[in-house]
Amino acid sequence: MTDHPSPPAVVPSPLTAFFWEGAAAGELRIQRCQACGTFIHLPRPVCRRCHSFDLRGEVVSGRATLYAHTVTMKAFHPFFVSRLPYVVATVELAEQAGLMLMTNVVDVAEADLHTGMDLVVTFEALSPELTIPVFTAASSIGASR
Amino acid sequence: MKSRRVAIVGVGYSRVGRHTGLSERHHAAQAAIAALDDAGLTAADIDGSTTWGGDAIDFAYMLGMNPLRWHLNVGVSPAFVTPAIHAAMAVATGQSDTCIAFRIMMQQPSSATLASGEAMLGATSSEDTQFLYPFGNFSPTQWAGLMMNRYLYDSDATEEHFAEFASIQREHATRNENALQRTPLSAAEYLAAPYISKPLRLLDCDYPCDSGSAVIFTTEERARDLRQPAVLVDAMALSAVHDMNFEVMADMSHTAPVHCAEQLWSRTDLRPSDVDTAQLYDGFSVITFQWLEALGLCEPGAAGPFIAEGHTRLGGSLPVNTDGGACNVGRRHGANFCIEATRQLRGQCGDRQVPGAEVAVWANAVGPFAGAMLLTST
Ligand SMILES: [Zn+2]
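Focus: the domain arrangement of chain B
Residue and element names in this part refer to chain B.
Piece 1. Along its sequence, chain B is carved into domain 1 (6-107 + 209-223) and domain 2 (139-207 + 234-378).
Piece 2. For domain 1 and domain 2, the distance between their C-alpha centroids amounts to 23 Å.
Piece 3. Each partner contributes residues to the interface: domain 1 has 30 residues there, and domain 2 has 29 residues.
Piece 4. Buried surface at the junction of domain 1 and domain 2, both sides included, amounts to about 2300 Å², of which 75% is carbon and sulfur.
Piece 5. A per-residue breakdown of the area domain 1 buries against domain 2 is headed by Tyr13, Pro78 and Ile85, which together make up 25% of the total.
Piece 6. Residues Arg346 and Asp38 are paired through a salt bridge, measuring 2.8 Å at the closest nitrogen-oxygen approach.
Piece 7. Along the contact surface separating domain 1 from domain 2 lie eight residue pairs in polar contact (both at pLDDT 80 or more).
Piece 8. Looking at the side of domain 1 that touches domain 2, the elements that each hand over two or more residues are strand E1 (6-13), helix H3 (81-92), strand E4 (98-105) and strand E7 (211-219).
Piece 9. In terms of residue count, the dominant contributor to the side of domain 1 that touches domain 2 is H3 (seven residues).
Piece 10. Taken together, the residues of the side of domain 1 that touches domain 2 break down into 20 nonpolar, seven polar and three charged.

Structure (C-alpha cells):
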C-alpha cells in the first residue's frame, strides 16, 4: 500500500461499459450504429443520423491523426500532479471524418508533436482497475502496424 | 402576437471582488439595487426576472418585486447573454413589461486547491466525464488550450498577437476605475507569464472573482420616460451547434459564434461595418479572436494581425472590450460586455468613451454555444 493518490474512478454505465472492457483487453472500441454504420463518440442511446437504438461497441483500427493538443502544466486533481507536464489531445479516428476522441499523447517529445501527425493507440494502466487508451506516434511503432 | 421594440434602461454591478465572503443573494441584491437606481425604477416596476446563478424568483421576492409575470433560471448556457435574451424576449412578446436579468457568479476553487484534493470539480464519473477525467482533463483551461492550439494552426495568429491583445485590454482597464487589474501590462510580461495549458497562458484567462450583474429591459416606449438615454436592442441571436463536450468538436476554430453571427446579421439592416465598438467575450482570449472573425469585423483567420495593427485599441477603427475585458474587470461571465456596450452607447464611459458610438455588438461564449446582441443608441 502506498499513499499515492488514486486516478479518477470510472463507473461504467450500460452504455459505456464496452469502452472500458475494451481498454482492459487492449482494444479500442467505439460505439457504432448497427443500422447505418455511423460511429458515435461519446456514447449515446440513439444514433444521431438514423435514430436507431441498435448501437454496439466495435473494435476500430486504432489509427488516428492529431487534431489539437495542449500541454497541461497545472494539475486539477491529485493523481495528475506527479505526471506534469502531460499532453491532452483531440484526435480524429481513421474510421470516419469528424470522429473525434479526447485522449493523451505519450512518448512523443513536445517539439515533435505536430497537427495532422499520424498516431496509433496504445494502452496505459493507471491502476489495477483502470486502463486507458492513449496514442503515440505511428512512426515510433514502425512497420508492424 | 405583435413584437415590441425592447430597450436596456438600467445596468448595475454588485461590489465585485476576490472571495468577497458575500452570498449569491447579497450580490444579486446589490446589483439589482444599482440597476434600479441607474434606471430610475423601483422594485414595484419589475414584473419579470431571469438569472443564471441563484434563483430568479427568490431574488425578485427578496427585493419586493412581485408578483412576477415572467421568470426563468437558465442552466449551463452561453453566459449572461442567455438570461439577457430571455428577458428581452419576454418584453418583446408582452409576457413582461420590465424584466431584470441577472448573472451571479461565485469564485471557483483554485488549481492548487484542486491539486491537493481539498476540492473536486464536478462528479467523479458521469456518463460523459468518464471520457475526460481519466485522461487528466478537468478544467476549461484545457479545452481552451486545445482550441487555442488549433486556432494558431488554422489562422494567421501568433502567440505575439495574443500578447498584444492582453496588453491592449490592460491598457483599456487602466481607464476603468472598476477594473480589478489596472497595472499596465507589456507584451513581454504576457509572454513571460506561466502557461496553464500550453499554449494557453495565465493571462489568457478571465480573472476569478465573486460578481453580481443586473440589466433591466423594458419597452422602447417606457424607456423614453426613464432616467437614461434609451439603448435599443436591434437584433439578438442564440446558437448551439454541439453538446457540451468541447473537447470532441471536429472544428474548434469555427464554432457556434459563426452560426450565431449568421443569425444576428440576418435579423437587421445593419452591417458589420456599422459597428462602432464590439464587446466580445474573453473568458479565454482566443474566444475574442473567434468572435472578431465570426461577426465579420475582420477577415477570416485575420484577428491576430487585426489586433496587432491596433484596430481594437481605443482610438483604433473598432475599439474592442473597452472596459478591459473579463481578464481585467474579473469574471462577470459576459454581463460586463452588455453593461459596457450600454454605457458606451449612452456616452458615459469617460476616459475610455468611443466618440459618437451609435452601434455596439456584444457577444458571449464559444464552442458548442453562443449568443450575441446588437444595440443602438437611437
Ligand atoms: Zn444510424
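Overview of the packing of aromatic side chains
Piece 1. By the definition in use, this model includes 17 aromatic pairs over all chains.
Piece 2. Measuring from ring centre to ring centre gives 5.6 Å for A:Phe80 and B:Phe138, while their planes differ by 65 degrees; the resulting arrangement is edge-to-face. Within this pair, whereas A:Phe80 is found in the loop between strand E4 (63-72) and strand E5 (86-93), its partner B:Phe138 is found in the loop between helix H4 (111-115) and helix H5 (140-154), the two belonging to separate chains. Like A:Phe80, the residue B:Phe138 is buried in the burial classification.
Piece 3. Consider the rings of B:Phe162 and B:Phe289, whose centres lie 4.0 Å apart with planes at 5 degrees: the pair is stacked. One end of the pair, B:Phe162, is in helix H6 (residues 159-173); the other, B:Phe289, is in helix H10 (residues 285-294), with 127 residues separating them in the sequence.

Remarks on the sheet that holds strand E3 (residues 70-73) of chain B
Residues and elements named next belong to chain B.
Piece 1. Spatially, E3-E2-E4-E7-E1-E8-E11-E10-E9 is the arrangement adopted by the nine strands of the open sheet, whose pairing is mixed. Pairing within the sheet leaves two strands with one partner each, and these edge strands are E3 and strand E9 (277-280). Taking each pair of neighbouring strands and ignoring which way they run, the sheet shows an average axis angle of 25 degrees.
Piece 2. Two elements, E1 and E7, share seven bridges in a ladder whose sense is antiparallel. Its bridge partner being in E7, Ala7 is matched across the sheet by Thr218.
Piece 3. Against the sheet, H3 touches E1, strand E2 (48-52), E3, E4, E7, strand E8 (231-240), strand E10 (359-364) and strand E11 (369-376), its axis set at about 120 degrees to E8.

Comments concerning the pattern of salt bridges
Residue and element names in this part refer to chain B.
Piece 1. A complete count under the given rule lists 22 salt bridges over all chains for this structure.
Piece 2. Between Arg69 and Asp47 there is a salt bridge, with the nearest N and O atoms lying 3.0 Å from each other. Note that Arg69 is positioned in the loop between helix H2 (56-62) and E3 and Asp47 in the loop between helix H1 (24-39) and E2, a separation of 22 residues in sequence.
Piece 3. Arg69 gets classed as partly exposed once you look at its relative accessible area, which sits at 44%.
Piece 4. With a relative accessible area of 11%, Asp47 lands in the buried category.

Section: the interface of chain A and chain B
Piece 1. Taken together, the contact between chain A and chain B spans 44 residues of the former and 41 residues of the latter.
Piece 2. Summed over both partners, the interface of chain A with chain B buries about 3700 Å², with 63% contributed by carbon and sulfur atoms.
Piece 3. Ranking the residues of chain A by area buried against chain B places A:Tyr67, A:Phe76 and A:Met102 at the top, with a combined share of 23%.
Piece 4. At the surface where chain A touches chain B, the tally comes to three salt bridges.
Piece 5. B:Asp243 serves as the salt-bridge partner of A:Arg44, at 3.0 Å between the closest nitrogen and oxygen.
Piece 6. Counting across the chain A and chain B interface gives 19 residue pairs in polar contact (both at pLDDT 80 or more).
Piece 7. If you tally residues by element for the side of chain A that touches chain B, the top one is E4(A), at six residues.
Piece 8. Within the side of chain A that touches chain B, the residues separate by chemical class into 29 nonpolar, 12 polar and three charged.
Piece 9. Bridge count for E4(A) against strand E5 (residues 195-198) of chain B is two bridges, and the pairing is antiparallel.

What about the sheet that holds strand E3 (residues 55-59) of chain A?
In sheet architecture, strand pairing relies on hydrogen bonds along the backbone and comes in two forms, parallel and antiparallel.
All names here are of chain A.
Piece 1. One open sheet accounts for three strands, arranged E2-E1-E3; its pairing is antiparallel. Two strands in the sheet have a free side with no partner beyond their single neighbour: strand E2 (39-40) and E3.
Piece 2. In this sheet, E3 lies alongside strand E1 (residues 29-33) in antiparallel orientation, the contact comprising five bridges. From the neighbouring strand, Ile30 faces E3, where its bridge partner is Glu58.
Piece 3. Relative to the sheet, helix H1 (residues 17-24) contacts E1 and E3, its axis offset from that of E1 by approximately 145 degrees.

Description of the coordination of the zinc ion
Residue and element names in this part refer to chain A.
Piece 1. Bound to the zinc ion are the protein donor atoms Cys33 (SG), Cys36 (SG), Cys47 (SG) and Cys50 (SG), situated 2.3 Å from the metal.
Piece 2. Each of the four donor atoms around the zinc ion contributes to a set of angles spanning 102 to 114 degrees, which defines the coordination as tetrahedral.
Piece 3. If you list the donors of the zinc ion from N- to C-terminus, the spacing comes out as C-x2-C-x10-C-x2-C. Here the residue Cys36 occupies a position in the loop between E1 and E2, and Cys47 occupies one in the loop between E2 and E3, the gap between them amounting to 11 residues.

Some remarks on the side chain of B:Gln142
All names here are of chain B.
Piece 1. By secondary structure assignment, the location of Gln142 is in helix H5.
Piece 2. Overall, Gln142 belongs to the buried group, its relative accessible area being 0%.
Piece 3. Polar side-chain contacts of Gln142 include one of 2.7 Å to the backbone oxygen of Gly136.

Description of the domain arrangement of chain A
Residues and elements named next belong to chain A.
Piece 1. Per the domain assignment, the segments making up chain A are domain 1 (13-60) and domain 2 (61-145).
Piece 2. Placing the centre of domain 1 and that of domain 2 at their C-alpha centroids yields a distance of 20 Å.
Piece 3. With 14 residues of domain 1 in contact, the opposing surface of domain 2 contributes 15 residues.
Piece 4. Where domain 1 abuts domain 2, roughly 1100 Å² becomes buried across the two surfaces, and 76% of that area is made up of carbon and sulfur atoms.
Piece 5. Considering only the surface of domain 1 that becomes buried against domain 2, Leu28, Phe39 and Val60 emerge as the three largest contributors, covering 47% of it.

Rules behind the numbers
Position labels on residues start from 1 in each chain and follow its written sequence. Each chain is given a letter, starting from A, and each ligand a number, starting from 1, according to the order in which they appear as written. In keeping with the model being predicted, local features are shown solely for residues with a pLDDT of at least 70 and side-chain atom pairs are shown and tallied solely at 80 or more, while totals for entire chains, interfaces and linings include all residues. Just so you know, side-chain values use all the structure's heavy atoms and leave hydrogens and water out. Annotation comment: domain bounds sourced from an automatic or database domain assignment. Any pair of residues with heavy atoms lying within 4.5 Å of one another is described as a contacting pair. Buried area: the sum, over both parts, of the accessible surface (1.4 Å probe) that disappears when the two are put together. Think of a salt bridge as a Lys or Arg side-chain nitrogen and an Asp or Glu carboxyl oxygen that are within 4 Å of each other. For this analysis, a polar contact is any N or O atom pair within 3.5 Å, provided that within protein one partner can donate a hydrogen and the other can accept it, and provided that sequence-adjacent residues contribute only side-chain to side-chain pairs. Every helix listed is a DSSP run of H or I at least four residues long, and every strand listed is a run of E at least two residues long, numbered separately from the N terminus. Under the scheme applied, nonpolar residues are Ala, Val, Leu, Ile, Met, Phe, Trp, Tyr, Cys and Pro; charged residues are Asp, Glu, Lys and Arg; polar residues are all the others, including Gly. Within 6.5 Å between ring centres, the rings of Phe, Tyr and Trp (the latter by its six-membered ring) count as paired, and their orientation is classed by plane angle as stacked under 30 degrees, edge-to-face over 60, tilted in between. Type-normalised accessible area, obtained with a 1.4 Å probe on protein chains alone, sets the label of each residue: buried when under 20%, exposed when over 50%, and partly exposed for intermediate values. Strand pairing is assigned whenever DSSP identifies at least 2 bridges connecting the two strands. For every element, the axis is a line fit to its C-alpha atoms; helices are fit only across the contacting stretch, and the angle between N-to-C directions ranges from 0 to 180 degrees. The rule for donors is simple: N, O or S, within 2.8 Å of the metal, or within 3.2 Å if the metal is Na, K or Ca. Water isn't counted, so a site may look like it is missing partners. Donor angles set the geometry label: tetrahedral for four donors if every angle is between 85 and 135 degrees, square planar for four and octahedral for six if opposite donors exceed 155 degrees and the others are between 65 and 115, irregular for anything else.

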